[in-house]
Each structure stands twice: as structure tokens, then as C-alpha cells.
Amino acid sequence: MLRKRIIFFAIALCAVVTLFNVTTFAAAFPGVSDSALVSGVKAGTLPRQRDYYRPPLPPLLLSRLTARRAYVSLEKPVQLPLVRYHADDVAPLASLTKLMSALVALSLHPDWSKTVTIEDADRRSGAQQRVYPGEVVSMQDLWTLMLVGSDNDAVVAFIRGLGISEQSFVEKMNAEAKSLNLTKTTFVEPTGLSSGNLSTAREYAVVARRAFAESRIAEPLAEAEAFILVSGKQRKVYNTDQELKGALPMPHIWQFISGKTGFIDESGYNVAVLGGDVVGNQMLTVVLGSASVLNRAEDASALLEWATETAQKMPAGEIDGNRLLY
């Protein structure tokens, strides 16, 4: 009888020790100890050592997108990826290229009051002509035309006004991409007309994030229209993303902060949009290859709506300090 009790006690002790070890192991590895996640982050806690961020489940709406590629991230209060949909597939950027052109141009410290005379060599096909050879435009107004109107001729004239060759300027664009560790991003010219300007939705989000952080870039892009002076006469310029700014009835819970569109035949309809909500969250989406102008707006709006709802479900502070580049 005594021997049976000793055996029973030994078995019970082993069970207790095993349970203790399992519990300790589970507590040390997030995702094992807690299966309840709120939007991919452990509910009610600040990230601790060995914690890692898990994006929420992809939204069902992905099956309804016409876009071929998309990337969505939370930007404020911190940067966290939310959706990657074919986000590493390389695709032409079209006029999204202009955000990198704008970043490089700012690094060269433009003289905004300098005037530039438009030349025949500035003309680029692919869009309505807004400035003509012989007309005089300030660098500031070329900048507005380049961003608000996505004008290709204005990009070329602006670069000439910087006193740098177009080839050297493109080299600086590629050097900037390399400095950001964007291994799939390549530029061959600064306007976006060439299908050789390539990136992925995930890598381009890095470019868009940096561009939208610059007020000189983000603020003009936020305007639905603007006025410029061309040879002393006022000329009106309209933005290319009227659908996202509310020109068409498209109610949504997010608010437009800034954005840039792009289109060439090879790319389909592209857009990068930074949106926000009433409580201070900001969300970024990059949509590449939508089927039409309206589809582009609907795809981006649907993703931002989902991202806004997801961000608002996250308890305040639970992701504070957990920053990711992309």
C-alpha cells in the first residue's frame, strides 16, 4: 500500500511540474498564452519583450476589388501593416512617380520665386497641355501644376529650373530609392509616362509615407483645384482625384488628407491615399491596377473604410511604441 502511495505521489508531482513548465513556456511566447487578439494585437496590453504584431485577417472585400495589388497600413498613432494584397508584385507606377520626383526636388532646395520660360523641349505627351513655349511660370506655380494637375511638362520645366539635367535628376531618384532599401523600385524618367518606372505596392507605400509627411507636397495634393500665374495671367488647374475628394457621391467614415493618382495603359489606374478619422488615426493605402477611374476610387475608399474601422477597434495605447518601416 505504501509503495502504491509513493508511486501515485511521484506521478502527481511529475504532472504538477509538467503543467508548471507548460504554463511558463506559454507565458513566454505571445500567441501561445493568449489566443484572443484585437485587430492582430494582444488586447489591453502594451507590446512587451518578445511580443510581435500580427496584422488582422484580410478583409473579405479583397475579392471585390478590381485592383491587382494593394497595401494598407496604419500610420498614426504608429506605423503598422494591415493588408498586403499581391503587395510585392512589381508594376508600373504611372504618375505616382511624381511623388519621388517631388521628394528629390525638395532635397535640391528650389528657389520658389525663380521664373522659368517654357521651351519646346519641355513638352511631354499623354496629357492636356496647360503651358506653352514662350510662357513664363514661377517655380512655385510649376510645382502647383506638377502636383495638383499632375502635369508632365511642368515636371520637366521644374527640373530644368533646378539647374540639373533630367538624367542626373533620375539618378538621384534611384539613389533615394536605394537609400530607402527599396530593391524593387526603379525610375527611368521623372513624370511617370514610361512603364519603366516600377515599384510594388508595399515599397511604394514607403515613398508615399515620406512624401505625405512633407507639407509642401501633401498640401497641394489635398486641393481639389488651384490657380497659377502663367505670363502674368491666372489659370485654373484641377486635381486628378476628384472622386476621392467627394465630387461623386461616395459617403465614407474616413477623411481625405492627401493623395496622388496615376494612369498609363500598362499600369491601369493607380492611387496612393492618406486618410484619417475623427479620433486622430491615419491610414495609408496604395492601390495599383484598378480597372477604371471610378473603380480606383471605390477600391481605395473600401480599403480605407475597413482600415478606419479596424483602427477604431484597437484599445488606445495598446500598440504604442511598436513601429515598423513597412
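Quantities reported herein were computed from a predicted structural model and do not represent experimental measurements.

Engineer: Looking at this model, I keep getting lost on the side chain of glutamate 75. Mind explaining?
Structural biologist: In this fold, glutamate 75 is placed in strand 3 (residues 69-76). With relative accessibility at 10%, the residue glutamate 75 sits in the buried group. A polar contact of 2.5 Å, which involves the side chain of glutamate 75, links it to the side chain of serine 73. One polar contact links glutamate 75 to arginine 209, side chain to side chain, over a distance of 2.7 Å. Apart from residues no more than four positions distant in its own chain, glutamate 75 is found in contact with Arg209, Leu274, Gln282, Met283 and Leu284.

Engineer: For this particular structure, what's the right way to read the environment of leucine 99?
Structural biologist: Along the polypeptide, leucine 99 turns up in helix 2 (residues 97-107). The spacing of leucine 99 and leucine 147 is 48 residues in sequence and 8.4 Å in space, taken between C-alpha atoms. Ignoring anything within four residues of it in the chain, the contact list for leucine 99 reads Tyr204, Val207, Ala208, Ala211, Phe212, Ile217, Leu221 and Lys260.

Engineer: What is the right way to look at the sheet that holds strand 12 (residues 268-276) in this model?
Structural biologist: The strands that make up a sheet pair up through hydrogen bonds in the backbone, lying either parallel or antiparallel. One open sheet accounts for 5 strands, arranged 4-3-13-12-11; its pairing is antiparallel. Each edge of the open sheet carries a strand with a single partner, namely strand 4 (80-85) and strand 11 (255-264). Direction aside, the axes of adjacent strands within the sheet are offset by 10 degrees on average. The sheet contact formed by strand 11 and strand 12 spans 9 bridges and is antiparallel. Across the sheet, residue glutamine 255 finds its bridge partner in strand 12, namely glycine 276. The sheet strands contacting helix 8 (residues 293-313) are strand 3, strand 4, strand 11, strand 12 and strand 13 (282-290), and the helix crosses strand 13 at an angle near 150 degrees.

Engineer: Got a minute to help me understand the side chain of arginine 130 in this structure?
Structural biologist: Within the secondary structure, arginine 130 is located in the loop between strand 6 (115-117) and strand 7 (136-138). There is a polar contact of 3.2 Å between the side chain of arginine 130 and the side chain of aspartate 151.

Engineer: Before we go on, may I ask you to explain the packing of helix 3 (residues 139-148) against helix 4 (residues 152-161) in this structure?
Structural biologist: Describing two packed helices takes the angle between their axes plus the distance from one axis to the other. Packing of helix 3 against helix 4 brings their axes to within 9 Å, and their N-to-C directions diverge by 145 degrees. Every pair of crossing elements has a handedness; the one defined by helix 3 and helix 4 is left-handed. Within the contact between the two elements, helix 3 uses Met139, Leu142, Trp143, Leu145 and Met146 and helix 4 uses Ala154, Val155, Ala157, Phe158 and Gly161. Tallied by class, the residues present in the contact of helix 3 with helix 4 amount to 9 nonpolar, 1 polar and no charged.

Conventions we followed
- Residues numbered from 1 in each chain as written.
- Predicted model: local features only at pLDDT ≥ 70, side-chain atom pairs only at ≥ 80, totals over all residues.
- Heavy atoms only, no water.
- Helix = DSSP H or I, 4+ residues; strand = E, 2+ residues; numbered from the N terminus.
- Buried < 20%, exposed > 50% of the residue type's maximum accessible area, 1.4 Å probe, protein only.
- Polar contact = N/O pair within 3.5 Å; in protein donor to acceptor, adjacent residues only side chain to side chain.
- Contact = heavy atoms within 4.5 Å.
- Pairing = 2+ DSSP bridges.
- Axes fitted to C-alpha atoms, helices over the stretch in contact; angles between N-to-C directions.
- Left-handed = near helix turned anticlockwise from the far one by under 90°.
- Nonpolar A, V, L, I, M, F, W, Y, C, P; charged D, E, K, R; others polar.

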